[in-house]
Amino acid sequence: MTEGMMKNTARQEQSNSTRPVSSPSSTSSRLYHRLEEALHAGSEVWFRMPGTRLVGIPIFLDAEYVEVVDVDVAEGFEDDELPDEPYQRTVWLIRLEEISAISYATDRWSKERFERLLEQSQKDDGPATEPR
């Protein structure tokens, strides 16, 4: 009986150590899932890491790294003043464990929609002359 238990224990240890790299515990984290959503949606994500901040769109994600691309467009120039190379693409490979925070846009509004939301909020709060 003891021998059978030892075999099962050894088999469990072996199966845990041969687990696929794509499914370690880090892939169950909320950070990983948010990055995965951004990857599939093509959404821009802002990253905060010790000493720096980056922005980009995820183009690759695995258990250890996220690769993001950022395209800069030269702004504030007249057409005749544009630099010879007005576009620059930067690709970053970021170790997931280095990320301390991410942010991403969850909703965007036009100026008109934002003003309608403010108007609706003011109507919900009642007249401005009433004390709170």
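Residues numbered from 1 in each chain as written. Predicted model: local features only at pLDDT ≥ 70, side-chain atom pairs only at ≥ 80, totals over all residues. Heavy atoms only, no water.

A. Spatial organisation of the overall build of the protein. Each helix and strand counted, the protein has three helices and five strands in total. Written out in order from the N terminus, the α and β elements of the protein read α-α-β-β-β-β-β-α. Of all 132 residues assigned to the protein, the portion counted as buried reaches 17%. Long-range pairs, those at least 24 residues apart, make up 49% of the contacts in the protein with a sequence separation of at least 6. Summing over all exposed atoms, the protein offers an accessible surface of approximately 11,000 Å²; the carbon and sulfur share of this is 49%. (Helix = DSSP H or I, 4+ residues; strand = E, 2+ residues; numbered from the N terminus. Buried < 20%, exposed > 50% of the residue type's maximum accessible area, 1.4 Å probe, protein only. Contact = heavy atoms within 4.5 Å. Areas by Shrake-Rupley, 256 points an atom, 1.4 Å probe, with all protein chains shown as cover.)

B. Molecular detail of a nonpolar patch on the surface. On the surface, Trp109, Phe114, Leu117 and Leu118 cluster together to form a nonpolar patch covering roughly 380 Å² of accessible area. Take tryptophan 109: it is sitting in the loop between β5 (101-104) and α3 (111-125). (Patch = residues over 30% accessible without salt bridge, like charges linked within 9 Å, V, L, I, M, F, W, Y side chains within 5 Å. Salt bridge = Lys/Arg side-chain N within 4 Å of Asp/Glu carboxyl O.)

C. Quick look at the pattern of salt bridges. In the structure shown here, the tally under the stated rule is one salt bridge. Its salt-bridge partner being arginine 34, residue glutamate 37 comes within 3.4 Å of it at the nearest N-O pair. On the criterion of helical spacing, the pair formed by glutamate 37 and arginine 34 is a turn pair, its members being three residues apart in helix α2 (residues 30-41). According to the relative accessible area criterion, arginine 34 is partly exposed, its value standing at 30%.

D. Structural detail: the confidence of the model for the protein. For the protein, mean pLDDT is 76; residues scoring 70 or higher make up 71% of the total. Taken together, the stretch residues 1-25 has pLDDT below 50 and engages in three contacts with residues farther than four places along the chain or on a different chain. (pLDDT = per-residue confidence, 0-100.)

E. Just the sheet that holds β5, in detail. Read from one edge of the open sheet, five strands run β4-β3-β2-β1-β5, paired in antiparallel fashion. Looking at strand neighbours, the two that pair on one side only are β4 (87-95) and β5, the edges of this open sheet. Taken over all neighbouring pairs, the strand axes of this sheet differ in orientation by 40° on average, direction set aside. Where strand β1 (residues 45-49) lies against β5, four bridges are found, and the strand directions are antiparallel. Across the sheet, residue tryptophan 46 finds its bridge partner in β5, namely serine 103. (Pairing = 2+ DSSP bridges. Axes fitted to C-alpha atoms, helices over the stretch in contact; angles between N-to-C directions.)

F. Spatial organisation of the nonpolar core. Of all hydrophobic cores here, the largest spans 14 residues; its most connected members are Leu35, Phe47, Val66, Ile94, Leu96 and Ile99. Listing elements by their share of this core, those giving two or more residues are α2, β1, β2 (52-61) and β3 (65-73). Isoleucine 94 has contacts with Phe47, Met49, Leu54, Glu64, Tyr65, Val66, Val68 and Ile99, leaving out every residue within four places of it along the chain. (Core = buried A, V, L, I, M, F, W, Y, C linked by side-chain atoms within 4.5 Å.)

G. View of the environment of methionine 49. Mapped onto the fold, methionine 49 is located in strand β1. Each C-alpha atom of the pair methionine 49 and alanine 101 lies 7.0 Å from the other, and the pair is 52 residues apart in sequence. Apart from the residues within four sequence positions on either side, methionine 49 is in contact with Leu54, Ile94, Glu98, Ile99 and Ser100.

H. Expanded view of the side chain of aspartate 70. Along the chain, aspartate 70 turns up in strand β3. At 10 Å, arginine 89 is the nearest oppositely charged side chain to aspartate 70, a buried residue that forms no salt bridge. With sequence-adjacent residues up to four places away left out, aspartate 70 is seen in contact with Val55, Gly56, Gln88, Arg89 and Thr90. (Lys, Arg positive; Asp, Glu negative; His and termini not counted.)

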